Each structure stands twice: as C-alpha cells, then as structure tokens.
Amino acid sequence: QVQLVEYGGALVQPGGSLKLSCASSGRGLSGYTVAWYRQAPGKQRELVASIHSSGATNYVDFVKGRFTISRSYAKNTVYLQMNSLKPEDTAVYYCNLPAITSGVWGPGTQVTVSP
C-alpha cells in the first residue's frame, strides 16, 4: 500500500526557490510514474510535472524551465525543485500516482509566493 506525504512548502518571495519532497511511507515508488499537482484556492487542481519510473520527466508549459522533478529510488522520494517562483505558483502542492485510478493523494504542502 502506498501512502504519500508532501513536505517543503513555505512562504517565499517572488524569484525565490523551494524544494518539495514526496515521500512514500508504504509501498515503494520505484515502479510508478509520480506526478506533482497543485491547487490554488477556488481553482481546479492542475498537473505540474511527472517523472516516469525510468526517470524520464514531463512538465506543463507554465513551469517548464523553472521547475525540475527528480527522484531518489534509494530514498523512495520524489522531489520538485522550484526556481524563479511567481505569485501565480501559490497553491497547495500534491503528489500522486497516475496509474492508480482512485488516487493516493497526500495531505499536500502549501506554497505561498508573495513579496
């Protein structure tokens, strides 16, 4: 069984950086694509980035060139390095396993980008 927990969210100024972590306390993540999503207040949840079990990555256009998704198989953790943060990046960030239809959403971690 997979149970995900997100860490690393904080208040940061525009242009700043944060690194988020997605850790599994249950079944290992090595065989799964892991994806980061975010949801701003009053808005729909949206995909941010994903990383395949092979390590191949994919990004949506609005974070391309600023965010980097990576994973540590040894630590059973997926990361999201966020640079050049903008106020529009403010949201609760979640990780999930797209292959599991019902979802294994963690509690999320709040990222706030504000002067």
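Use the structure listed above.
Everything in this summary refers to the structure shown in the same document. Going along each chain's sequence as written, the residues are numbered from 1 onward. Only residues with pLDDT of 70 or above have their local features reported here, since the model is predicted, and side-chain atom pairs are shown and tallied only from 80 upward, although totals for entire chains, interfaces and linings are computed over all residues. The side-chain quantities take in all heavy atoms of the structure and omit both hydrogens and water.

Another point: the pairing of strand 4 (residues 34–39). Among the six residues that make up strand 4, five are buried, leaving the element largely enclosed by the rest of the structure. Summarising the sheet, strand 4 and strand 5 (residues 46–51) pair through five bridges and their orientation is antiparallel. The residue bridging R38 from the neighbouring strand is E46, located in strand 5. The criterion for strand pairing is that DSSP finds at least two bridges linking the strands in question. Secondary structure elements follow DSSP: runs of H or I of four or more residues count as helices, runs of E of two or more count as strands, with numbering from the N terminus. Remark: six residues form the turn of the hairpin made by strand 4 and strand 5, two consecutive strands paired antiparallel; G42 in that turn has positive phi of roughly 75°. Here strand 4 pairs with strand 9 (residues 91–96) via five bridges, running antiparallel. Across the sheet, W36 pairs through a bridge with C95, a residue of strand 9. Note on classification: 1.4 Å probe, protein chains only; a residue is buried when its accessible area is under 20% of the maximum for its type, exposed when over 50%, partly exposed between these limits.

A few words on the packing of aromatic side chains. Classification of ring pairs rests on two measures: the distance between centres of Phe, Tyr or Trp rings, Trp counted by its six-membered ring, which must be within 6.5 Å, and the angle between planes, read as stacked under 30 degrees, edge-to-face over 60 and tilted in between. Counted according to the given criterion, the structure contains two aromatic pairs. Where Y37 meets W105, the ring centres are 4.9 Å apart and the plane angle is 65°; that geometry is what we call edge-to-face. Here W105 lies in the loop between strand 9 and strand 10 (109–113) and Y37 lies in strand 4, a separation of 68 residues in the sequence. Its relative accessible area of 15% is what places Y37 among the buried residues. With centroids separated by 6.1 Å and ring planes inclined at 85°, the aromatic side chains of Y94 and W105 adopt a geometry described as edge-to-face.

Tracing the chain through its elements places N76 in the loop between strand 7 (67–72) and strand 8 (77–82). When its relative accessible area of 18% is taken as the criterion, N76 is described as buried. Polar contact is the term for a pair of N or O atoms within 3.5 Å; when the atoms are in protein, one must be able to donate a hydrogen and the other to accept it, and sequence-neighboring residues count only if both atoms are side-chain atoms. At 2.7 Å, the side chain of N76 forms a polar contact with the backbone nitrogen of L29. Those residues within four positions of N76 in sequence are excluded, and the remaining contacts are C22, A23, S24, G26, R27, G28, L29 and S30. Any two residues whose heavy atoms approach within 4.5 Å are treated as being in contact.

Another aspect to go through is the state of the cysteines. Whenever a pair of cysteine sulfur atoms sits within 2.5 Å, that pair is classed as a disulfide. Under the counting rule described, the total for this entry stands at one disulfide. Each disulfide pairs two cysteine sulfurs, and for C22 the partner residue is C95, the sulfurs being separated by 1.9 Å. Because the torsion about its S-S bond is 75°, the bridge between C22 and C95 counts as right-handed. You can see C22 sitting in strand 3 (residues 18–24) and its partner C95 sitting in strand 9, a full 73 residues away along the chain. Exposure remark for C95: the relative accessible area of 0% places this residue in the buried category.

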